[in-house]
Every structure is written in structure tokens, then in C-alpha cells.
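What the coordinates show
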Amino acid sequence: RVQRTFTQPLDFHDYPWDRHILRIVVQNVALQADDVVYVPSPAITAQPQDVRLRSGSDLAQPFNNVSNWEASQVEFVSEATTGRSVQSAEGGNANAYVQFSKFVTEITMQRDVRGFLLKNLLPLGLLALVTYLSLFFAPDQAGTRVGFAVTSILTASVLLESVTGPLDVGYTVAIEGTYFVYIALSAALVFINITIERLYKGRRFKAVTRLDTAARVVYPLVCLVTIAFYVARFGL
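Report on the accompanying structure. Everything quoted here is computed from the prediction, not taken from an experiment.

What follows covers the overall build of the protein. Regarding its fold elements, the protein presents eight helices and three strands. Relative to its 236 residues, the protein shows a buried fraction of 32%. In the protein, the share of contacts with a sequence separation of at least 24, taken over all contacts with a separation of at least 6, comes to 69%. In the structure as shown, the protein presents an accessible area of about 14,800 Å², 59% of it carried by carbon and sulfur atoms.

Here it is as C-alpha cells:
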């Protein structure tokens with residue numbers, strides 16, 4: 001029986017659609033594969049996945065109890081690795097390589113993506129809707145529109161930090177793209193509404209109407225394209 005904490009680095013580029021295979025590796029570093037080989041028990045390999053996913057300490061409980069995570073599969077694999085032989089080195093052949101047996105348990109983990117998105121993207125969706133509705137304010141309220149857009153940028157930045165902050169990684173993850181698109185749209189609306197305000201004060205009402213119409217069409221179009229991209233890339 002082996003009991004200890006196993007760790008491994010994880011790749012979060014597809015967060016929160018990421019899936020991880022956690023490997024628990026047990027290897028004999030003294031006896032070579034000619035002397036001992038680890039193989040999974042036929043009784044274990046014959047078990048269905050729902051049985052394998054039960055806790056080893058309490059068979060009435062699921063294996064995983066981590067928030068927003070689901071263990072979907074457990075596999076047991078017999079492998080071999082090559083390394084230097086301690087015995088051969090002691091005999092004077094320090095360059096000798098031999099094989100050692102390994103027993104690997106692979107646990108596939110994936111997130112409860114729908115629950116995660118409902119909790120973390122719903123506020124962003126409502127914020128995007130409010131920002132879009134501000135485009136229907138009268139042109140003489142362009143200053144109010146600008147205020148909505150600036151507030152949206154600040155709010156989206158706070159939401160983004162709350163979603164990705166716990167990861168503590170130095171690269172961009174998948175979900176950040178949705179926030180970047182929204183922040184870029186809000187920044188564009190700041191400049192558009194400033195332009196509308198100047199055009200309105202210059203009594204160039206036709207130009208105001210054209211710019212207003214373009215903003216009302218392009219904004220939801222960009223949002224729909226972004227959603228379609230994520231659905232095509234990661235699914236629901």
C-alpha cells in the first residue's frame with residue numbers, strides 16, 4: 001500500500017474547458033524489470049468506471065470531492081522506464097542502462113463547465129446587455145453613454161480578475177478572450193460616443209444616425225461571432 005501526496009504541473013490554456021489527466025506513478029528504483037513487473041489486477045481492470053471512481057477509503061462516496069471538478073475516468077497502466085542501474089554502477093559499468101517497471105494510475109478530471117460559465121459569465125452577459133441598451137439613448141445623452149462604457153470597462157476588469165486570479169499563471173487562458181473582446185467593444189464605444197456627441201453639437205444629424213446605426217448593428221454582431229467561436233472551439 002502506497003500513501004502520499006502526488007503532484008504534477010497542469011496546463012490551463014483551455015481554462016475553464018480544460019481537461020487534465022492526473023498520473024500517479026509508482027516505480028521500483030532498486031529492482032529491474034527482469035526482477036519485478038507491476039501489472040494491474042484482473043479484478044481491478046474488470047471493474048466498470050463507476051466502481052473505479054469510488055473512494056478507496058469509503059466505497060459509498062465518489063472518488064473526487066473538489067468543487068467544479070468531475071473525475072470521469074480512471075485507468076491502470078503498466079509501463080517501463082529506462083535508467084541507470086545502481087548495481088551495474090557499483091560493478092564498474094556506470095554507463096549501463098536498464099529498465100524498471102512502473103505502475104501508473106491515470107485519472108481524467110474535467111470541470112463542470114456549464115455551472116462554471118453560468119456563475120462567471122452571466123454577470124458579463126448582463127453587463128454587455130446594459131451597455132448595448134445604452135446605445136439607444138438619445139444622441140444628446142452621449143455623455144451618459146460614455147459613462148456607461150467606462151464603467152463597463154472597469155467592471156469587466158474586476159470580473160476578469162475574480163475569474164482568473166486564483167489560477168496564478170503567466171499566460172492567457174481561454175476565458176480571458178471573452179473579457180478582452182468586451183473590454184475592446186466598450187473602449188470602442190467610448191470613442192464612438194465622443195464622436196456622436198461632437199457630430200450632434202455640429203448639427204450633423206445624418207452622420208449621427210449612420211454612426212448610431214452602425215454601432216447598434218456591429219456590437220451584437222461581434223458578440224454573436226465571439227459566442228459562435230467559443231461554441232465551435234470548445235462546445236457547450
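Next, the rest of the story.
As for its position among the elements, His-20 is in strand β1 (residues 19-27). Polar side-chain contacts of His-20 include one of 2.7 Å to the side chain of Asp-18. With near-sequence residues (within four places) excluded, His-20 lies in contact with Leu-10, Asp-11, Phe-12, Trp-69, Ile-107, Thr-108 and Met-109.

For the rest of this paragraph, the subject is helix α6 (residues 142-164). Between its first and last C-alpha, α6 extends 33 Å over 23 residues, near the 33 Å set by a 1.5 Å rise per residue. For α6, the full list of buried residues reads Ala-142, Arg-145, Val-146, Ala-149, Ser-152, Ile-153, Ala-156, Leu-159, Leu-160, Val-163 and Thr-164. On its buried side, α6 packs onto α4 (113-120), α5 (122-133), α7 (176-201) and α8 (205-234).

Take the packing of aromatic side chains next. On inspection of all chains with the given rule, the structure shows ten aromatic pairs. Between Trp-17 and Phe-234, the ring centres sit 4.6 Å apart and the planes meet at 10°, which makes this aromatic pair stacked. Taken together, the positions of Trp-17 in the segment before β1 and Phe-234 in helix α8 put the pair 217 residues apart, joining distant regions of the chain. Taken together, a centroid distance of 6.2 Å and an interplanar angle of 25° make the contact between Phe-76 and Phe-103 stacked. Residue Phe-76 is found in strand β2 (residues 69-84), and its partner Phe-103 is found in strand β3 (residues 97-111); the two are separated by 27 residues along the sequence. Classification of Phe-103 by relative accessible area gives partly exposed; the value is 21%. Following the ring pairs from residue to residue traces out a cluster consisting of Trp-17, Phe-229, Tyr-230 and Phe-234.

Following Tyr-15, the chain continues to Pro-16 via a peptide bond in cis, the omega torsion being 5°. Relative to the assigned elements, Pro-16 resides in the segment before β1. Backbone geometry places Asp-168, a non-glycine residue, at a positive phi of 55°. You can see Asp-168 is positioned in the loop between α6 and α7.

Here Ser-101 lies in strand β3. Of the polar contacts made by the side chain of Ser-101, one reaches the backbone nitrogen of Tyr-38; its length is 2.7 Å. Sequence-distant contacts of Ser-101, defined by excluding residues within four places in its chain, comprise Val-26, Gln-27, Asn-28, Ala-33, Val-36, Val-37, Tyr-38 and Glu-79.

Another aspect to go through is the pattern of salt bridges. Counted according to the given criterion, the structure contains nine salt bridges. For the salt bridge of Arg-233 with Asp-14, the shortest nitrogen-to-oxygen distance reads 3.6 Å. Here Arg-233, found in helix α8, pairs with Asp-14, found in the segment before β1; they are 219 residues apart in sequence, far enough to count as distant. Overall, Arg-233 belongs to the partly exposed group, its relative accessible area being 44%. Exposure remark for Asp-14: the relative accessible area of 30% places this residue in the partly exposed category. For the salt bridge of Arg-145 with Asp-212, the shortest nitrogen-to-oxygen distance reads 2.7 Å.

By the element assignment, Ala-30 lies in the loop between β1 and α1 (42-45). Along the sequence, Ala-30 and Phe-100 sit 70 residues apart, while their C-alpha atoms lie 8.2 Å from each other.

This paragraph deals with the nonpolar core. In this structure, Tyr-15, Trp-17, Ile-175, Tyr-179, Tyr-182 and Tyr-219 are the most contacted members of the largest nonpolar core, which totals 31 residues. Among the elements that take part in this core, α6 stands out by supplying seven residues, more than any other. For Tyr-179, the residues in contact, after removing those within four places along its chain, are Asn-120, Leu-121, Leu-124, Ala-156, Leu-159, Leu-160 and Val-163. With six residues, the next largest nonpolar core counts Trp-69, Ala-71, Ile-107 and Met-109 among its residues.

Another point: the pairing of β3. Within β3, eleven of the 15 residues are buried, which leaves the element mostly enclosed by the surrounding structure. Judged from the nine bridges that link them, β1 and β3 form a sheet pairing that is antiparallel. Within the sheet, the bridge partner assigned to Val-26 lies in β3 and is Phe-103.

Rules used in this analysis
- Residues numbered from 1 in each chain as written.
- Predicted model: local features only at pLDDT ≥ 70, side-chain atom pairs only at ≥ 80, totals over all residues.
- Heavy atoms only, no water.
- Helix = DSSP H or I, 4+ residues; strand = E, 2+ residues; numbered from the N terminus.
- Buried < 20%, exposed > 50% of the residue type's maximum accessible area, 1.4 Å probe, protein only.
- Contact = heavy atoms within 4.5 Å.
- Areas by Shrake-Rupley, 256 points an atom, 1.4 Å probe, with all protein chains shown as cover.
- Polar contact = N/O pair within 3.5 Å; in protein donor to acceptor, adjacent residues only side chain to side chain.
- Expected span 1.5 Å × (residues − 1).
- Phe/Tyr/Trp six-rings, centres within 6.5 Å; stacked < 30°, edge-to-face > 60°.
- Salt bridge = Lys/Arg side-chain N within 4 Å of Asp/Glu carboxyl O.
- Core = buried A, V, L, I, M, F, W, Y, C linked by side-chain atoms within 4.5 Å.
- Pairing = 2+ DSSP bridges.

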